[in-house]
Amino acid sequence: MQQSPYFLQSQSASASPHTSLSRPLATDSAAHLSGLQQTFKQIPRTRPYTPLLDTIDAPVDIKALNTEQLIVLVDELRLFLLYSAGQSGGHFGANLGVVELTIALHYLLDTPQDQIVWDVGHQAYAHKVLTGRRDKLSSIRAKNGLTAFPERVESVYDTFGVGHSSTSISAGLGMSLALRYQGRPQTVACVIGDGAMTGGMAFEAMNDAVQQDADLLVILNDNDMSISCSIGGFSRHLAMLWESGYQVDISDTGAPVLRHRPNMQAFDRRKRHSEHRDVPQLEDNLFKAIGFTYFGPFDGHNIPELLRVLSLAKQVKGPVLVHIYTTKGKGFAPAEADPVGYHAISKLPAEDIVACDFAKDKATIESEATKDKPSKLKYSQVFGQFLCDKAAQDNRLLAITPAMEEGSGMIDFARQFPERFFDVAIAEQHAVTLAGGMATQGVKPIVAIYSTFLQRGYDQLIHDIALQNLDVTFAIDRAGLVGEDGATHAGVFDLAFLRCVPNMLIAAPKDENECYHLLNTCYEYEGSTAVRYPRGIGTGAMISRPAQNYKIGQAVVETVLGNAHATNKLALLAFGTMVATAKQAAKILTSDGATSDCQVQVVNMRWVKPLDTNLLETLIEQGVTHIATLEEHMIMGGAGSAVNEYLLNASAAFAVSRPAIANIGISDRFIAHGSQAEQLADCGLDTYGVVIQLQRLLTSLKA
């Protein structure tokens, strides 16, 4: 086997090139072959030499390989994933951890007739490589390139579109029942991580799978991680199964057999759970109690063992769960040491930065890459600073997150106030109602949640929070377009589904400073509130302290440009971060050579609910001839719709003068992945696109 220049260490061993999968391997031989796998320490900048991988254009090509060749394929595929991640960035650690499993599944199953359903899908890059998309992988997450997650329109091998957590067992069960109804004897295999298994939807599906006595193979990929370390009672239960020293093996006839488990690793993160509870008997198995046939845990990086177990398990009738144990970031030494930091990476910087030298951690590399750039805070950092500042002043503050401690900027808060920090795992519905329960007892909970994930807790927001007008603040991160993660993670529906709920207040800050103060304003309000802010860095606005309370429902006229005596007078009502775009567009519209007969007032609306209706009346009474709303959100049901509703149903001034109106936002379609700038341009929400739409409005006849 050729040794890669990016190789760090492996257990040197030789194996017969004639070893065949058609006959079982002795335990020593299996361990011998598994030990050939390599660990790398660098991300290659040039396309690595992968002669075996280059022959795999479809899963059928894998089936001709023998065991040693499959292990060579593991190394080549892992090295290729490292290279591709360096070129494109993207999800990282999870993909490296399932290379062996992905190869084993495509070797054993007859895909695409047999169905593989990936949960979340950020671990499916290896799957994409093996299903004809190898040479396109460097385009992943780029405009017109491969999507970051499995998507049915992209490949026949992508059986179900994913991106959110805990959906695979439900989808797989639906497939299995439909296949059974049609008399089609095909295998359905669902791959779900231990983090995703904490989502209640997964347990709902398992309960129903038993009720339906469905033929369903669930592979639990247990790496003790989601994005962060897995937490809670379920994580402890998996740890106890591992710590017991036993495994439920599978016999040649598919029967469960209790055996001593081979040592997998001398050290593992799961050992942290042992201090919380004693290890009970192996019979106390949650999956067995539900009604699944359970096998495991098995080493998910041992190709011969995976092949043996999965080939037998897929023949067992009824719902079956195979529990495998993997390492997030497997095969890349820095990622194995820091699986949280290497959940996802950016593409490699210019050549003057050393490519992921093992002697440097990820933080050092990123620091070097950005040391000459001006410092701007991410909005999640602004939220994190507010949390810490406010918690120091108000001991009623409690903070909740559904498994997004790092992403939501809560690391410092969790360290400084551990007794006031609640990570509930991937359980958005629970997170919302938990906050409601807390609020009934005189504390003030803040739920930090991504916009796209709040969708999963919508009933709870209405029924458990707003209906009771409970004092809960929602800090809604990733509001708006999110770039490379695409449509599954775009936060472009929250205004529509929030503003129709009675008792809700909704704020949309224009920059970091306003975000800080609106968070404070909504926190101080005794009722149900939400502050929505985008992914990534802000404009560079400095945060002024101490925190202020803005007047609820009051907008601010940011600037007035152009000829005060112009015939056309435009009120440009901008929401949130689109205020900066509105100001740029106004400058262009009123510059020399542009629309000279035009005055533009740029209004920072600041609040989506309640609207500043007094200002709207004043603008119209002052002779505004055109009104445009601007938001990074769907037009249907969004902030512009709120303005329309007021003007048509309640505005006395509008009934008299009827200025022309245009709503600028995202049209009725899902926005494909690409950079955030490309997505904005695609929607006509970049400065150029906004100017074009405003010019169209100004040249149109008045309504």
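Use the structure listed above.
Since the model is a prediction, treat every value here as computed from it, not as a measurement. (Residues numbered from 1 in each chain as written. Predicted model: local features only at pLDDT ≥ 70, side-chain atom pairs only at ≥ 80, totals over all residues. Heavy atoms only, no water.)

**Points about the pattern of salt bridges**
Rules: In what follows, salt bridge is the name for a side-chain nitrogen of Lys or Arg lying within 4 Å of a carboxyl oxygen of Asp or Glu. Secondary structure follows DSSP: runs of H or I at least 4 residues long count as helices, runs of E at least 2 residues long count as strands, and numbering of each begins at the N terminus. Three exposure classes are used, based on accessible area relative to the maximum for each residue type with a 1.4 Å probe and protein chains only: buried under 20%, partly exposed in between, and exposed over 50%.
Within the structure shown, the criterion is met by 26 salt bridges. In this structure, the salt-bridge partner of arginine 134 is aspartate 54, at a minimum N-O distance of 3.9 Å. Separated by 80 residues along the polypeptide, arginine 134 in the loop between helix H5 (125–133) and helix H6 (168–181) and aspartate 54 in the loop between strand S2 (39–40) and helix H2 (67–88) bring together distant segments of the chain. Look at arginine 134 and you get buried, because its relative accessible area is 10%.

**Some words on the packing of H6 against helix H7 (residues 200–212)**
Note the threshold: To obtain an axis, a line is fitted to C-alpha atoms, over the contacting stretch when the element is a helix, and the angle between two such axes runs from 0 to 180 degrees between their N-to-C directions. Angular relationships are summarised with four words: roughly parallel below 35 degrees, roughly antiparallel beyond 145, roughly perpendicular across 65 to 115, and oblique for the angles in between. Crossing chirality is assigned from the near helix's rotation relative to the far helix, an anticlockwise turn below a right angle marking it left-handed and a clockwise turn marking it right-handed. Whether two residues touch is decided by their heavy atoms; if any such pair falls within 4.5 Å, the residues are in contact.
Axis separation between H6 and H7 bottoms out at 8 Å; the angle between their running directions is 25 degrees. Judged by the angle between their axes, H6 and H7 are roughly parallel. Once H6 is placed against H7, the crossing between them reads as left-handed. In contact with Ile169, Ser170, Leu173, Leu177 and Arg180 of H6, H7 contributes Met201, Ala202, Ala205, Met206, Asp208, Ala209 and Gln212.

**Here's the deal with the packing of H2 against helix H4 (residues 99–108)**
How two helices pack is summed up by the angle between their axes together with the distance between the axes. Applicable threshold: As a working rule, the residues Ala, Val, Leu, Ile, Met, Phe, Trp, Tyr, Cys and Pro are called nonpolar, Asp, Glu, Lys and Arg charged, and the rest polar, with Gly in that last group.
Look at H2 against H4: their axes get within 9 Å of each other, and the N-to-C directions meet at 125 degrees. With respect to H4, the axis of H2 lies oblique. For the pair H2 and H4, the sense of crossing is right-handed. Along the contact surface, H2 presents Leu70, Leu73, Val74, Leu77, Arg78 and Leu81, while H4 presents Val99, Glu100, Ile103 and Tyr107. Its residues assigned to classes, the contact of H2 with H4 comprises 8 nonpolar, no polar and 2 charged.

**Considerations on the nonpolar core**
This is how the line gets drawn: Take the buried Ala, Val, Leu, Ile, Met, Phe, Trp, Tyr and Cys residues and link them wherever side-chain atoms come within 4.5 Å; each set so joined is a nonpolar core.
Counting residues in each nonpolar core, the largest one holds 93 residues, and the members touching the most others are Phe92, Ile103, Met197, Phe287 and Val322. If you tally residues by element for this core, the top one is H2, at 12 residues. The contacts of valine 322, once residues within four sequence positions are left out, are Leu217, Val218, Ile219, Leu220, Phe295, Phe298, Val309, Leu310 and Ala313. Within the second largest apolar cluster, 51 residues are counted, among which are Ala431, Leu573, Met605 and Tyr646.

**Some details on the sheet that holds strand S13 (residues 421–423)**
For clarity, the cut-off: Whether two strands pair depends on DSSP finding at least two bridges between them.
Read from one edge of the open sheet, 7 strands run S13-S12-S14-S15-S17-S16-S21, paired in mixed fashion. Looking along the sheet, the strands with just one partner apiece sit at the ends: S13 and strand S21 (607–609). When strand polarity is set aside, the average angle formed by the axes of neighbouring strands in this sheet is 20 degrees. In this sheet, S13 lies alongside strand S12 (residues 397–401) in parallel orientation, the contact comprising 3 bridges. When the sheet's bridge partners are listed, threonine 401 is paired in S13 with aspartate 423.

**Considering the pairing of strand S20 (residues 598–604)**
Judged by how many residues are buried, S20 sits mostly within the fold: 7 of 7 residues are covered. Residues of S20 alternate between two faces, with Cys598, Val600, Val602 and Asn604 on one and Gln599, Gln601 and Val603 on the opposite face, all of them buried. Across 6 bridges, strand S18 (residues 556–562) lies against S20 in antiparallel orientation. Looking at the pairing, leucine 561 lines up with valine 600 of S20. Relative to S20, strand S19 (residues 568–574) is paired through 7 bridges, and the arrangement is parallel. Each residue of the ladder has a partner; that of leucine 573, found in S20, is valine 603.

**Points about the pairing of strand S5 (residues 188–193)**
Defined as follows: The crossover handedness rule: strands pointing away from the viewer, path from first strand over the helix to second strand clockwise, crossover right-handed.
Counting buried residues in S5 gives 6 out of 6 residues, a clear majority hidden from the surface. Burial along S5 is two-sided: Val188, Cys190 and Ile192 facing one way and Ala189, Val191 and Gly193 facing the other are all buried. Sheet analysis places strand S4 (residues 115–118) next to S5, joined by 4 bridges and oriented parallel. If you follow isoleucine 116 over to S5, its bridge partner there is alanine 189. Where S5 lies against strand S6 (residues 216–222), 5 bridges are found, and the strand directions are parallel. Counted as the bridge partner of alanine 189 is leucine 217 from S6. Remark: the S5/H7/S6 crossover connection has right-handed handedness.

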